Amino acid sequence: MGNMIAIFKKQVKETWKNKTVFIQFIMFPILTVIMNYAIQIEGMPKNFFVNLFATMYIGMTPLISITAIIAEEKEKNTLRVLMMSNVKPYEYLLGVGSYIWFVCMMGAVVFCIVGEYQSKEAVIFLIIMTIGILASLLIGAAIGTCSKTQMMATSITVPVMMIFSFLPMLSLFNSTISKIARFVYSEQVSIMINQLENLHICFTDILIIIINMLIAFSFFVIAYKKCGLS
Amino acid sequence: MIDYAIIVKDMSHEFSKKRVLNKITFQVEQGEIFGLLGPSGAGKTTLIKILTGQLHQNSGYSQLLGTDTNCLGAKEYKQIGVMIDNFGLYERLSVYSNLAFYADIYHVSKSKIPDILKSIGLYDAKNIAVLKLSKGMKNRLSLARAFMNDVKILFLDEPTSGLDPVTTREIHDILIEQKKKGVTIFLTTHNMFEAESLCDHVALLNQGNIIEFGKPADICRKYNHLNRLQIMLKNGVNVELENGSKAALSIKEYLEQDMIETIHSTEPTLESVFIELTGRGLNEYGKYDCYI
């Protein structure tokens, strides 16, 4: 627990200095604030930009952040030193993961404020965001673990991130894509956020998210067994 | 009875059917500086990984502070400090923040940090980001991180590689200071002069085999095949004599006439010994890394 807190604190210290990751954290909340107040088109669904960018935030920010942090630590040998200092791999991953989850949830609170969600809606929205962020963290951890360098991590992350963050948006315009996207957790999260006022969760939706997370976890286990952390 | 900090017996290790370490055996006494010498690709870093429990050997046995290296736990890790070849420092954080982070990881008091920084000459740079430090300063910081835990063993992977002589000397002084405190130091290097001046014992590692082991002076004497004395006279003439009783008379005469500028024995350096044993110099191997 002590090591996990130390890693969490170290990550917080680095937040302002790691511009690549910092931009990921603030980009979508800022975009949402600007777009939500700047663009008001008649007939546009309520909270259109909040829902759209919240989904993209889930598919992009945790995934890129955790991949970038793990890959950088691997490339610069800091992770190897940590492992040699008796830090357990799970302590490291929980430290970094909890930090990203924490910062992403602050972004989620911004979405909540901009969307003017009331108490019950706000709680459900934050729970949905937590589930989406966790799924993305698992995928990102798997990519970061199997990448030896930051360059390699980026080349894998970009297409994966594009699938998860853009599919929900593209499914708005194309029914075929919508049918396929249904099996992706980010689409399920997007559907839930869009139905927030009148949320009706069916078992299949939950099952799809759970299966997505299990697949991501399996990928992570395979990547960890094959490549290790150091 | 000698207390050994490290015992390695018949250790072998392979990567993808390529044998990196081949039945190596040696011991490191507690409180000594031990040098593992060898070119790049000789298996030095693999050996450090095995000894620090990061890798399990395919066969053989290794023991660190009385514990099998395959079973190292929190207690043993608290006694080990590691400095690897390319720093492993958080470059965006300051010098102080780097040590503060590791103080948390090692569960040691942060109040030690100013004294540690003073001892390595980085106190004035404590608020500077590691990114802005010179290579020598990064090396010193990396070293400080390795011993801030009051360790019993320090593993140093090429601690002075690429440094200027002054910084190298400063790092040597830090290591000697640690040795005086009773710390066992296990260092890898391909700098023969470093090994000769610092190490109590050395092992020459080549392609996974230990080809020589002992005190640096003993190894040099062992391979002193010429066994001659080289005398440079003040008039510029070089004289070579057999190193034996017969030379005594000639030397006496030169001394009486105040003719001697320098006297050297023909003992080889560790580098010459390495070349003799392998047919190639230590620095040459770097050029052929991809073939090793």
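Keep in mind that what you see is a predicted model, and the values were worked out from it rather than measured.

Cut-offs and rules
- By convention here, each chain's residues receive numbers from 1 onward along its written sequence.
- As they are written, the chains are lettered A onward and the ligands numbered 1 onward, keeping that order.
- Side-chain atom pairs in this predicted model are given and counted only at pLDDT of 80 or more, local residue features only at pLDDT of at least 70, and totals for whole chains, interfaces and linings cover all residues.
- Values shown for side chains rest on all heavy atoms present in the structure; no hydrogens or waters enter the calculation.
- Runs of H or I in DSSP of at least four residues are treated as helices and runs of E of at least two as strands, each being numbered from the N terminus.
- Each radius of gyration reported is based on C-alpha atoms, and the globular scaling rule is 2.2 Å times the count of residues to the power 0.38.
- For each residue, the accessible area found with a 1.4 Å probe, counting protein chains only, is set against the maximum for its type, and the residue is called buried under 20%, exposed over 50%, and partly exposed in between.
- Should any heavy atoms of two residues lie within 4.5 Å, those residues are counted as being in contact.
- Accessible surface area values rest on a Shrake-Rupley calculation with a 1.4 Å probe, where residue burial reflects the displayed protein chains alone.
- Charged residues are defined here as Lys and Arg on the positive side and Asp and Glu on the negative side; His and the ends of the chain fall outside this count.
- All charge positions are set by atom: Lys at NZ, Arg at CZ, Asp at CG, Glu at CD.
- Two rings from Phe, Tyr or Trp (for Trp, the six-membered ring) form a pair when their centres are within 6.5 Å of each other. A pair whose planes differ by under 30 degrees is stacked, one over 60 is edge-to-face, and the rest are tilted.
- For a Lys NZ or an Arg CZ to count as sitting over a ring, it must be within 6 Å of the ring centre and within 35 degrees of the ring normal.
- Paired strands, in this sense, are two strands between which DSSP finds at least two bridges.
- Each of two parts loses accessible area, computed with a 1.4 Å probe, when they are put together; buried area is these two losses added.
- Salt bridges are defined by distance alone: a side-chain nitrogen of Lys or Arg within 4 Å of a carboxyl oxygen of Asp or Glu.
- Working definition of a nonpolar core: buried Ala, Val, Leu, Ile, Met, Phe, Trp, Tyr and Cys residues. They are joined through side-chain atoms within 4.5 Å.

Caption draft 1: Spatial organisation of the overall build of chain A. Of regular secondary structure, chain A possesses 10 helices and zero strands. Starting at the N terminus and walking to the C terminus, you meet the elements of chain A as α-α-α-α-α-α-α-α-α-α. Here the C-alpha radius of gyration of chain A, 18 Å, is about what a compact globule of 230 residues would show, namely 17 Å. The principal-axis extent of the C-alpha atoms belonging to chain A is close to 60 × 35 × 30 Å. Buried positions account for 52% of the 230 residues belonging to chain A. Partitioning the intrachain contacts of chain A with sequence separation of at least 6 by distance along the chain shows that 76% fall at a separation of at least 24. Within the structure as shown, chain A displays about 11,000 Å² of accessible surface, and the carbon and sulfur contribution to it stands at 72%. Averaging the positions of the 16 positive and the 11 negative side-chain charges in chain A gives two centres separated by 13 Å.

Caption draft 2: Main features of the packing of aromatic side chains. Under the definition given, this model contains 20 aromatic pairs over all chains. Where Trp16 of chain A meets Phe22 of chain A, the ring centres are 5.2 Å apart and the plane angle is 55 degrees; that geometry is what we call tilted. The class of Phe22 of chain A is partly exposed, set by a relative accessible area of 21%. Aromatic side chains Tyr117 of chain A and Phe125 of chain A sit 5.0 Å apart centroid to centroid with 35 degrees between the ring planes, which places their arrangement in the tilted category. The residues Tyr117 of chain A and Phe125 of chain A share a single accessibility class, namely buried. An aromatic cluster is built from Phe28, Phe48, Phe49, Phe53, Tyr57 and Phe111 of chain A, whose rings are joined through pairwise contacts. Between Lys10 of chain A and the ring centre of Phe101 of chain B, over which it is positioned, the NZ or CZ distance is 5.7 Å. Here the basic side chain of Lys126 of chain B rests over the ring of Tyr123 of chain B, its NZ or CZ set 4.3 Å away from the ring centre.

Caption draft 3: The arrangement of the pairing of strand S3 (residues 33-37) of chain B in detail. Residues and elements named next belong to chain B. By the criterion of burial, S3 is predominantly enclosed, with five of the five residues buried. Direction of pairing for S3 relative to strand S8 (residues 184-189): parallel, over a ladder of five bridges. Bridging across to S8, Leu37 finds its partner in Thr189.

Caption draft 4: Expanded view of the interface of chain A and chain B. Taken together, the contact between chain A and chain B spans 23 residues of the former and 26 residues of the latter. Counting the surface lost from both chain A and chain B, the interface buries some 2,300 Å², and carbon and sulfur atoms represent 59% of this. Of all residues in chain A, Arg80, Val81 and Met84 of chain A bury the most surface against chain B, accounting for 27% of the area lost on that side. If you look at where chain A meets chain B, you find four salt bridges.

Caption draft 5: View of the pattern of salt bridges. The full count for this structure, using the stated rule, is 18 salt bridges over all chains. Across the pair Asp104 of chain B and Lys9 of chain A runs a salt bridge, and its minimum N-O distance is 3.6 Å. With Asp104 of chain B in helix H3 (residues 95-106) and Lys9 of chain A in helix H1 (residues 2-14), the pair connects residues from two separate chains. For Asp200 of chain B, the salt bridge goes to Lys179 of chain B, with nearest N and O atoms at 3.2 Å.

Caption draft 6: Quick peek at unusual backbone geometry. All names here are of chain B. Residues other than glycine seldom take positive phi values, yet Asp10 does so here, at roughly 50 degrees. Within the element layout of this structure, Asp10 appears in strand S1 (residues 4-15). For His107, which is not glycine, the phi dihedral falls at a positive 60 degrees. Within the secondary structure, His107 sits in the loop between H3 and helix H4 (113-119).

Caption draft 7: Molecular detail of the pairing of strand S9 (residues 201-206) of chain B. Residue and element names in this part refer to chain B. Counting buried residues along S9, six of its six residues qualify, which places the element largely inside the surrounding structure. Burial along S9 is two-sided: the residues His201, Ala203 and Leu205 and Val202, Leu204 and Asn206 are all buried. Relative to S9, S3 is paired through four bridges, and the arrangement is parallel. Its bridge partner lying in S9, Leu37 is registered against Leu204.

Caption draft 8: Up close: the nonpolar core. One finds Tyr92 and Met129 of chain A together with Ile6, Phe155 and Phe186 of chain B to be the most contacted residues of the largest nonpolar core, which totals 142 residues. Grouped together as the second largest cluster of nonpolar side chains are nine residues, Leu229, Leu233, Val239 and Ile251 of chain B included.

The analysis is restricted to geometry; functional conclusions fall outside its scope.
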